[in-house]
Amino acid sequence: QVQLVTSGGGLVQAGGSLRLSCAASGSIININHFNWYRQAPGKEREWVAAVTSGGADFSDSVKGRFALSRDNTKVYLQMNNLKPEDTGVYFCQIPGQAWGQGTQVTVSS
């Protein structure tokens, strides 16, 4: 069984930056795909970004502002030029295996 621990959230002003981390542990065999999702208050969870062996992909709402990097069993979501609409709880996920516990990101205007 794989466990994911998400960290790095916080409160930041619009235009600022945060870096989220997702650390995997447990029965790790070969993790080739990490997703990041977020959920704003009163809204459904939405996909934000993914990193696979083939590269990274981003939703249109964050493309050009967010970046992904990976270090073995850790994945980092670098969020730049943050906007109030980026506020929400951010989750990492390994499809079919695990979800992280989520970390709160709040962007003030």
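Scroll up for the structure.
All values derive from a computational prediction rather than experimental measurement. (Residues numbered from 1 in each chain as written. Predicted model: local features only at pLDDT ≥ 70, side-chain atom pairs only at ≥ 80, totals over all residues. Heavy atoms only, no water.)

Q: So, the pairing of strand β5 (residues 46-52): which residues are in play, and what are the values?
A: Sheet analysis places strand β4 (residues 33-39) next to β5, joined by six bridges and oriented antiparallel. Looking at β5, one finds that tryptophan 36 is bridged to alanine 49. Connecting β4 to the next strand, β5, in antiparallel fashion are six residues, including glycine 42 with a positive phi near 75°. Strand direction decides the pairing type here: β5 and strand β6 (residues 55-58), joined by four bridges, are antiparallel. Pairing of threonine 52 across the sheet is with glycine 55, part of β6. (Pairing = 2+ DSSP bridges. Helix = DSSP H or I, 4+ residues; strand = E, 2+ residues; numbered from the N terminus.)

Q: If you had to explain the nonpolar core to someone new, which residues and values would you point to?
A: Ranked by size, the top nonpolar core spans 27 residues in total, and within it Leu4, Phe34, Trp36, Phe66, Leu77, Met79 and Tyr90 carry the most contacts. Those elements that place two or more of their residues in this core are β1 (2-7), β3 (18-26), β4, β5, β7 (66-71), β8 (74-79), β9 (88-94) and β11 (103-108). In terms of residues, this core owes the most to one element, β3, which gives four residues. Not counting chain neighbours up to four residues away, the residues in contact with tyrosine 90 comprise Thr6, Leu20, Trp36, Tyr37, Arg38, Val48, Phe66, Leu77, Met79, Gly102, Thr103 and Val105. (Core = buried A, V, L, I, M, F, W, Y, C linked by side-chain atoms within 4.5 Å. Buried < 20%, exposed > 50% of the residue type's maximum accessible area, 1.4 Å probe, protein only. Contact = heavy atoms within 4.5 Å.)

Q: Tell me about the pattern of salt bridges, and name the residues and values.
A: By the definition in use, this model includes four salt bridges. For aspartate 86, the salt bridge is made with arginine 38, and the minimal N-O distance between the two is 2.8 Å. You can see aspartate 86 sitting in the loop between β8 and β9 and its partner arginine 38 sitting in strand β4, a full 48 residues away along the chain. Take aspartate 86 and arginine 38: they sit in the same class, and that class is buried. Aspartate 60 is the salt-bridge partner of lysine 63, the closest N and O atoms lying 3.4 Å from each other. Through salt bridges with shared partners, one network takes in Arg38, Glu46, Arg65 and Asp86. (Salt bridge = Lys/Arg side-chain N within 4 Å of Asp/Glu carboxyl O.)

Q: Please provide a residue-by-residue account of the packing of aromatic side chains, values included.
A: By the definition in use, this model includes two aromatic pairs. For the pair tyrosine 37 and tryptophan 99, a centre-to-centre distance of 5.0 Å together with 50° between the ring planes defines the contact as tilted. With tyrosine 37 in strand β4 and tryptophan 99 in strand β10 (residues 98-99), this residue pair connects regions lying 62 residues apart in the sequence. The exposure class of tryptophan 99 is partly exposed, given its relative accessible area of 39%. A centroid spacing of 6.3 Å and a plane angle of 85° characterise the contact between phenylalanine 91 and tryptophan 99, whose relative ring orientation is edge-to-face. For phenylalanine 91, a relative accessible area of 10% corresponds to the buried category. (Phe/Tyr/Trp six-rings, centres within 6.5 Å; stacked < 30°, edge-to-face > 60°.)

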